[in-house]
Amino acid sequence: MNIILKKWLVFILLSFSMSLLSSQEMQESTSLNDAKLEPFKLEVTYNKTTHLIFPSPIRYVDLGSENLIANKAEDVGNVLRIKAGINGFEEETNFSVITQDGKFYNFDVLYSPHPNTLNYDLLKLHQTQEKEYSTDVQFEELKGNSSSLNEAIMKTLYENPKRTITHIGIKSFGIRFLLKSLYIYEGKFYFIFQMTNKSNISYDIDFINFKIIDKKNLKRTIIQEKILTPLRIYPIINAVSNQASSIVLYLLDQFTLFDDQILEIEVFEKNGGRHQKIEVENIDLINAKIVRDIHLKMK
């Protein structure tokens, strides 16, 4: 009888211990609610277009249903136009946006015949609100670095007044285009350019082109040129006003040149002919300043 009683006591103790362990594990586990992103609330209508201005160019848009129609504004990569695709739809829907600076935004959408607001500037979000309503996305091309880290480095270098390169630049048609600084950090180049417009006409930028060319061949072909695609641009500038100056930073993957190659960087004027071109040698690339011991300006 004592043996049976002892067995029952051992069983009860074991059961109680297992229950405590299970309860403790449940308490220590993390709920998905801790990772929840609160969506923005948005109203749209059928006869009017709503505009959303993001801090960075739009990389990805996903619409929750056919009740919505959305597209990026022409020639402006950071503006999304959205409206109702069906007049007076009743069910709530949603859409999501990922921008090139690595931010993910989520929106819950309702139909309203008369929305209170049609234009939203997400640049004006308070820092605490942005952390609550958006999250950081890690892109494959950043190779392990979060977009927030790269953004912080770009912002810090952009605001650094120090000039590390003094011999690469051009001045023509009242426009001065120069490579102000060149930094490197964990396999990424940070090209910082300064453009100064001394003319009385705004300099509207079509695009900036990076390409590796063979400097020995005067007759260039597409095969002889290698176009480089920037990973990030900070900030996005579309024009340099008359009698004004602007700075812009381009993030590129690390690379080097052969002895007979140069890096050619061109700025093309939109609806104009005041194109600017500078050349970067391999010695400039390998002497890029290493990013170290800087105080990052994190959001």
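Calculation notes
- Residue numbers restart at each chain and count upward from 1, following the sequence in its written direction.
- Only residues with pLDDT of at least 70 are given local features in this predicted model, and only at 80 or more are side-chain atom pairs given and counted; all residues enter the totals for whole chains, interfaces and linings.
- For side-chain calculations, the full set of non-hydrogen atoms in the structure is used, while hydrogens and water are omitted.
- Being paired, for any two strands, means DSSP has found at least two bridges between them.
- A helix here means a DSSP run of H or I that spans at least four residues, while a strand means a run of E at least two residues long, and both kinds are numbered starting from the N terminus.
- Here an axis means a line fitted to C-alpha atoms, over the contact stretch when the element is a helix, while the angle between two N-to-C directions is reported on a 0 to 180 degree scale.
- What we call a nonpolar core is a set of buried Ala, Val, Leu, Ile, Met, Phe, Trp, Tyr and Cys residues that are connected through their side-chain atoms within 4.5 Å.
- Any residue under 20% of the maximum accessible area for its type is buried, any over 50% is exposed, and the rest in between are partly exposed; the area is computed with a 1.4 Å probe on protein chains only.
- For Phe, Tyr and Trp, where Trp contributes only its six-membered ring, two rings pair if their centres lie within 6.5 Å, and the inter-plane angle classes them as stacked under 30 degrees, edge-to-face over 60, or tilted in between.

Caption draft 1: Quick look at the sheet that holds strand β4 (residues 68–72). If you trace the 4 strands from one edge of the open sheet to the other, you get β4-β5-β2-β8, paired in mixed fashion. Edge positions in the sheet fall to β4 and β8 (119–121), since each has one partner strand and no second. Strand-to-strand twist in this sheet, taken as the mean axis angle between neighbours without regard to direction, amounts to 15°. Examined bridge by bridge, strand β2 (residues 50–53) and β8 share 3 bridges and lie parallel to one another. Bridging across to β8, I53 finds its partner in D121.

Caption draft 2: Structural detail: the nonpolar core. Of all hydrophobic cores here, the largest spans 30 residues; its most connected members are F191, F193, F210, F255, L263 and I265. Those elements that provide at least two residues to this core are β11 (175–185), β12 (188–197), β13 (203–214), β17 (244–253), β18 (261–269) and β19 (276–280).

Caption draft 3: Region of interest: the packing of aromatic side chains. Scanning the entire structure with this criterion turns up 16 aromatic pairs. Pairing F54 with Y105 gives two aromatic rings, centres 5.2 Å apart and planes at 65°, and the pair type is edge-to-face. Of this pair, F54 sits in the loop between β2 and β3 (58–63) while Y105 sits in strand β7 (residues 103–111), placing them 51 residues apart in sequence. Judged by its relative accessible area of 0%, F54 is buried.

Caption draft 4: View of the pairing of β18. Here β18 lies mainly inside the structure; 8 of its 9 residues are buried. Bridging between β13 and β18 involves 9 bridges; their strand directions are antiparallel. Looking across to β18, one finds that F207 is bridged to F268. Where β18 lies against β19, 5 bridges are found, and the strand directions are antiparallel. Paired with L263 across the strands is V280, a residue of β19. The hairpin formed by β18 and β19 contains 6 residues between the paired strands, and N271 there has a positive phi angle of roughly 55°.

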